[in-house]
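Structural characterization, general
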Amino acid sequence: MKILFFSHSFYPNIGGIETVSMQLANNFIERTDVSIIVVCRTKEIGNLQLPFDVVRDPSIKKIVSLLGWCDVVFENNPCFGMSWINFIIRKPKVVALHTWIVVPGSNITLLQKLKKTLLSDYNAVIACSNKIRSYTFDKALVIENAYDTTLYNDKKEVKTKDFVFLGRLVSDKGADMCLELIHELKELRGTEYSLSIIGDGPEMEHLKELAVNYNMSHKVRFLGFLTGTTIVNELNKHRFLLVPSRWEEPFGIVALEGMACGCIPIVSDGGGLPDAVGGAGVVFERNSLSSLVKTTTQLINNQELQTKLLELANTHLSLHTEKKVSQRYFDVILKALKL
């Protein structure tokens, strides 16, 4: 089988879609009967030697040639700007939805209506969460994302720290609510909890000011942007992962990553985050500090619940390995080819 794999952004760019694209491409190419060419707009090449060809920023003529080569087209998130010619050539096609075509709560534009209509022309549509399916294309098959099992793991160390936040420091991610949470917990319980913030972004200085204003600088660590095993080592030190996104996350792989490192995730109820944690985490009302404080307090007070959630994590994580998720994708692509 020859798969033409579209991913608007790809390695060496860093992001959720880029990560999923790399996972899927690497797993597809392991099959002896599969050839892959990845097509992207990312011009940078990077240092990795990849086991498949990557065509970067191709012309329309080149895309037509590649469509002639392939048996089936897979788009990891809609790539209409590159793949539109296939609506004419008509090779079997599958698309995966990893983010919103229309952000929940916003008005739909004429272009967005067209994009949603075009989804009906695909042989199969995959959504990364139930919320993406219900809000974007209700006939989609839900296949939740995988996490990097080769990197994220529980080292079974003694937890020496309390809460950790991992993500971009922008207002939509709600890192300020983490600081407000530990301030409220101190006021309500008289206990000072530690907080580590992993990430960087325009909210950094504001967050540092909050820590000073709340007289919590001695309990808050700003670790900046970390990668690889450094992130894993930090996550392993913590009991709880906070994901208080104000934005409705399409899924939330970070919840799986924290869970894999032995953290109990505490997530907002927006978007796909409830799907990401399954039954192995707790969920609070998005953008509600009072709900976050209440939910967290109940968790802290209930050791039996903590133990149960940690036990459930193993089962939940087993459904989100790269191999299992990639196999489900591959089965959908194979079925589309046979239609």
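Residues numbered from 1 in each chain as written. Predicted model: local features only at pLDDT ≥ 70, side-chain atom pairs only at ≥ 80, totals over all residues. Heavy atoms only, no water.

What follows concerns the sheet that holds strand β9 (residues 195–198). With respect to topology, six strands assemble into an open sheet ordered β10-β9-β8-β11-β12-β13, the strand pairing being parallel. The open sheet has two edge strands, β10 (220–224) and β13 (282–284), and neither has a second partner. Neighbour to neighbour, the strand axes of the sheet diverge by 20 degrees on average, direction disregarded. Two elements, strand β8 (residues 161–166) and strand β11 (residues 238–243), share four bridges in a ladder whose sense is parallel. Opposite Lys 161, over in β11, you have His 238 as the bridge partner. The sheet contacts of helix α8 (residues 204–213) involve β9 and β10, and relative to β10 the element is tilted by about 165 degrees. Strand contacts of helix α12 (residues 289–301): β8, β11, β12 (264–268) and β13, with the helix running at about 155 degrees to β13, the strand carrying the most contacts. (Pairing = 2+ DSSP bridges. Helix = DSSP H or I, 4+ residues; strand = E, 2+ residues; numbered from the N terminus. Axes fitted to C-alpha atoms, helices over the stretch in contact; angles between N-to-C directions. Contact = heavy atoms within 4.5 Å.)

In sheet architecture, strand pairing relies on hydrogen bonds along the backbone and comes in two forms, parallel and antiparallel. Reading across from one edge, β3-β2-β1-β4-β5-β6-β7 is the order of the seven strands in this open sheet, with parallel pairing throughout. Only two strands of the sheet have a single neighbouring strand rather than two, namely β3 (53–56) and β7 (141–142).

To continue, consider the packing of helix α7 (residues 175–189) against α12. Interaxial distance between α7 and α12 falls to 10 Å at its minimum, and their mutual angle equals 60 degrees. Between α7 and α12, the angle falls in the class oblique. Where α7 crosses over α12, the two elements pack in a sense that is right-handed. On α12, the residues that touch Met 177, Glu 180, Leu 181, Glu 184, Leu 185, Leu 188 and Arg 189 of α7 are Leu 289, Leu 292, Val 293, Thr 296, Thr 297, Ile 300 and Asn 301. Of the residues contributing to the contact of α7 with α12, the split by class is eight nonpolar, three polar and three charged. (Parallel < 35°, antiparallel > 145°, perpendicular 65-115°, else oblique. Left-handed = near helix turned anticlockwise from the far one by under 90°. Nonpolar A, V, L, I, M, F, W, Y, C, P; charged D, E, K, R; others polar.)

Moving on, we come to the pattern of salt bridges. Where charged atoms from two side chains of opposite charge come close, those side chains can pair. For the coordinates displayed, the defined rule picks out 14 salt bridges. Note that Lys 131 is salt-bridged to Glu 248, the shortest N-O span being 2.6 Å. Of the two residues, Lys 131 sits in helix α6 (residues 130–136) while Glu 248 sits in the loop between β11 and α10 (253–260), which places them 117 residues apart along the sequence. Between Glu 234 and Lys 237 there is a salt bridge whose closest N-O contact spans 3.1 Å. Glu 234 gets classed as buried once you look at its relative accessible area, which sits at 10%. Judged by relative accessible area, which is 28%, Lys 237 ranks as partly exposed. (Salt bridge = Lys/Arg side-chain N within 4 Å of Asp/Glu carboxyl O. Buried < 20%, exposed > 50% of the residue type's maximum accessible area, 1.4 Å probe, protein only.)

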